[in-house]
Amino acid sequence: MTTPKDFNDRMLSLGLARVSEAAAHASALLIGRGDEKAADQAAVNAMRDQLNMLDIKGVVVIGEGERDEAPMLYIGEEVGTGNGPEVDIALDPLEGTTLTAKDMPNALTVIAMAPRGTLLHAPDVYMDKLAIGPGYAKDVVSLDMTPAERVRALAKARGVKDSDITVCILERPRHEDMIAEVRETGAAIRLITDGDVAGVIHTAEAELTGIDMYMGSGGAPEGVLAASALKCMGGQIWGRLLFRNDDERGRAKKAGIADLNRIYSRDELVTADVIFAATGVTNGSIVAGVKREPGFLQTETILMRSKTGSVRRMIYRNPIR
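Computed from a predicted model, the values in this text were never measured in an experiment.

1. Structural notes on the overall build of the chain
Alright, step 1. Scanning the chain from N- to C-terminus turns up 10 helices and 14 strands.
Alright, step 2. Here the chain has a C-alpha radius of gyration of 19 Å; the compact-globule value for 321 residues is 20 Å, and the two agree.
Alright, step 3. The C-alpha extent of the chain, read off along each of the three principal axes, is 55 × 45 × 40 Å.
Alright, step 4. Long-range contacts, defined as pairs at least 24 residues apart, comprise 69% of the intrachain contacts of the chain with a sequence gap of at least 6.
Alright, step 5. Of the accessible surface of the chain, which amounts to about 13800 Å², a share of 47% is contributed by carbon and sulfur atoms.
Alright, step 6. Across the chain, 38 positive and 46 negative side-chain charges occur, with their mean positions spaced 4 Å apart.

2. Brief notes about the sheet that holds strand β9 (residues 236–242)
Strands belonging to one sheet form pairs held by backbone hydrogen bonds; the direction of such a pair is parallel or antiparallel.
Alright, step 1. With respect to topology, six strands assemble into an open sheet ordered β7-β6-β8-β5-β9-β10, the strand pairing being mixed. On the outer flanks of this sheet lie β7 (188–192) and β10 (263–265), each paired with one strand and no other. Strand-to-strand, the axes of this sheet are offset by a mean angle of 20°, without reference to chain direction.
Alright, step 2. When strand β5 (residues 126–132) meets β9, the two strands line up antiparallel, connected through seven bridges. For I132, the partnering residue across the bridge sits in β9 and is Q236.
Alright, step 3. Strands in contact with helix α4 (residues 147–158) are β5, β6 (166–170) and β8 (213–219); relative to β8, the strand with the most contacts, it is inclined by about 145°.
Alright, step 4. Across the sheet, helix α6 (residues 196–204) touches β5, β6, β7, β8 and β9, and the angle it forms with β8 is around 160°.

3. Quick look at the packing of aromatic side chains
Alright, step 1. For the coordinates displayed, the defined rule picks out zero aromatic pairs.
Alright, step 2. Lying across the ring of Y126, R174 places its NZ or CZ 4.4 Å from the centre.
Alright, step 3. Its guanidinium or amino end placed over the ring of F296, R317 lies 3.7 Å from that ring's centre, counting from NZ or CZ.

4. Some thoughts on the nonpolar core
Alright, step 1. L119, I237, L269 and F276 are the most contacted members of the largest nonpolar core, which has 49 residues in total.
Alright, step 2. The dominant element in this core, judged by the number of residues it contributes, is helix α8 (residues 220–233), at nine residues.
Alright, step 3. When residues no more than four places from it in sequence are discounted, the contact partners of L119 are V61, D88, I89, A90, A114, V224, S228, L269, V270 and V274.

5. Concerning the UniProt feature "binding site: Mn(2+) 2" (unreviewed entry) in the chain
Alright, step 1. UniProt annotation of "binding site: Mn(2+) 2" (unreviewed entry) refers to D92, E95 and E222 when read in the numbering used here. These annotated residues cover 131 residues of sequence, but their C-alpha atoms sit close together, with the largest distance between any two at 8.6 Å.
Alright, step 2. Its place among the elements puts E95 in strand β3 (residues 86–95).
Alright, step 3. Not counting chain neighbours up to four residues away, the residues in contact with E95 comprise N106, A107, L108, V110, G195, D196, V197, A198 and E222.

6. Side note on the UniProt feature "binding site: substrate" (unreviewed entry) in the chain
Alright, step 1. UniProt feature "binding site: substrate" (unreviewed entry): in the numbering of this structure it lies at E95, G96, T97, Y126, R172, P173, R174, D194, G195, D196 and G219.
Alright, step 2. Here D194 is to be found in the loop between β7 and α6.
Alright, step 3. Beyond its immediate chain neighbours, meaning those up to four positions away, D194 contacts T98, L99, L170 and R172.
Alright, step 4. A distance of 3.2 Å separates polar atoms of two side chains, one belonging to D194 and the other to R172.

7. Looking at the pairing of strand β11 (residues 275–280)
Alright, step 1. Among the six residues of β11, six are classified as buried, and the element is accordingly described as predominantly covered.
Alright, step 2. Burial along β11 is two-sided: the face carrying I275, A277 and T279 and the face carrying F276, A278 and G280 are both buried.
Alright, step 3. One ladder, built from five bridges, connects β11 with strand β13 (residues 296–305); its direction is antiparallel. Residue pairing for β13: A277 is matched across the bridge by L303.

8. Comments concerning the packing of α6 against α8
Alright, step 1. Axis separation between α6 and α8 bottoms out at 9 Å; the angle between their running directions is 20°. When the interaxial angle is binned, α6 and α8 end up roughly parallel. Note on packing geometry: the crossing formed by α6 with α8 is right-handed. Mapping the contact onto sequence places D196, V197, V200, I201, T203 and A204 in α6 and E222, L225, A226, A229, L230 and M233 in α8.
Alright, step 2. Tallied by class, the residues present in the contact of α6 with α8 amount to nine nonpolar, one polar and two charged.

The rules behind the values
- Residues numbered from 1 in each chain as written.
- Predicted model: local features only at pLDDT ≥ 70, side-chain atom pairs only at ≥ 80, totals over all residues.
- Heavy atoms only, no water.
- Helix = DSSP H or I, 4+ residues; strand = E, 2+ residues; numbered from the N terminus.
- Rg over C-alpha atoms; globule rule 2.2 N^0.38 Å.
- Contact = heavy atoms within 4.5 Å.
- Areas by Shrake-Rupley, 256 points an atom, 1.4 Å probe, with all protein chains shown as cover.
- Lys, Arg positive; Asp, Glu negative; His and termini not counted.
- Charge placed at Lys NZ, Arg CZ, Asp CG, Glu CD.
- Pairing = 2+ DSSP bridges.
- Axes fitted to C-alpha atoms, helices over the stretch in contact; angles between N-to-C directions.
- Phe/Tyr/Trp six-rings, centres within 6.5 Å; stacked < 30°, edge-to-face > 60°.
- Lys NZ or Arg CZ within 6 Å of the ring centre and 35° of its normal.
- Core = buried A, V, L, I, M, F, W, Y, C linked by side-chain atoms within 4.5 Å.
- Buried < 20%, exposed > 50% of the residue type's maximum accessible area, 1.4 Å probe, protein only.
- UniProt positions renumbered as here; feature names shortened; annotations may be inferred.
- Polar contact = N/O pair within 3.5 Å; in protein donor to acceptor, adjacent residues only side chain to side chain.
- Parallel < 35°, antiparallel > 145°, perpendicular 65-115°, else oblique.
- Left-handed = near helix turned anticlockwise from the far one by under 90°.
- Nonpolar A, V, L, I, M, F, W, Y, C, P; charged D, E, K, R; others polar.

Here it is, written out as structure tokens:
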């Protein structure tokens, strides 16, 4: 079993950046083409090929789905050369397939890596999420609060009016009541159509993005990826799994989750040091999208390590072969 001492995040981080870059390059060729499945498959193929070049004993714990649903990068798939540390891998080869197909902002390729057994094996169900950036007291807001109470509590902690708070929410019919309640406080809302990993990350850079808090339900796997990013950047996130039927409850139990009502904090979603990489596919507020030049593709990647709190932005200009 890999220990934190064996997990050389400094040496592995650049390799992880190459993985996300390769997926972005592959999916970039399908930006605006209207084919979500083709864009996603291109990213999956490229990410898997690059992962298998890394000297790791990797297991995908957050991936494209259960083994019988996804032929590649499925949950439980072993990746890497088999030589090196045992690691958990959480990934979304293309966070924002619709965004890519329609050439809309904030499509990303996303991947995180941590020592084996330290990333929550979140089943493919919904998760109720709440996130804020760094600099606040612990548990200043909570999932047990109503949306309005969260706004008021955060405004009080910041020493501002409720109307000075901006909340990011995924635009879905299921969030209509939440949106209405937040607006009644006077707070602003930034609605996003897809990509809640990016939405959570925005809270960690509130001065740049203008977003103070994220709330709403979305995919549980994306919750683990978002928690990985916040563990590197600072900030707090809470998640509670949501189940629509017995099949989904069965998935959770199969993943080893005993308490189906548990609220997970950031450090319970990701229990050890983690490295995180995301590369822009379409232009966004976190990183720039892929730029095409005669004979070249250029990407921007954000690469982070929780151990040091380092956040590195890298431009990669790669010849098209």
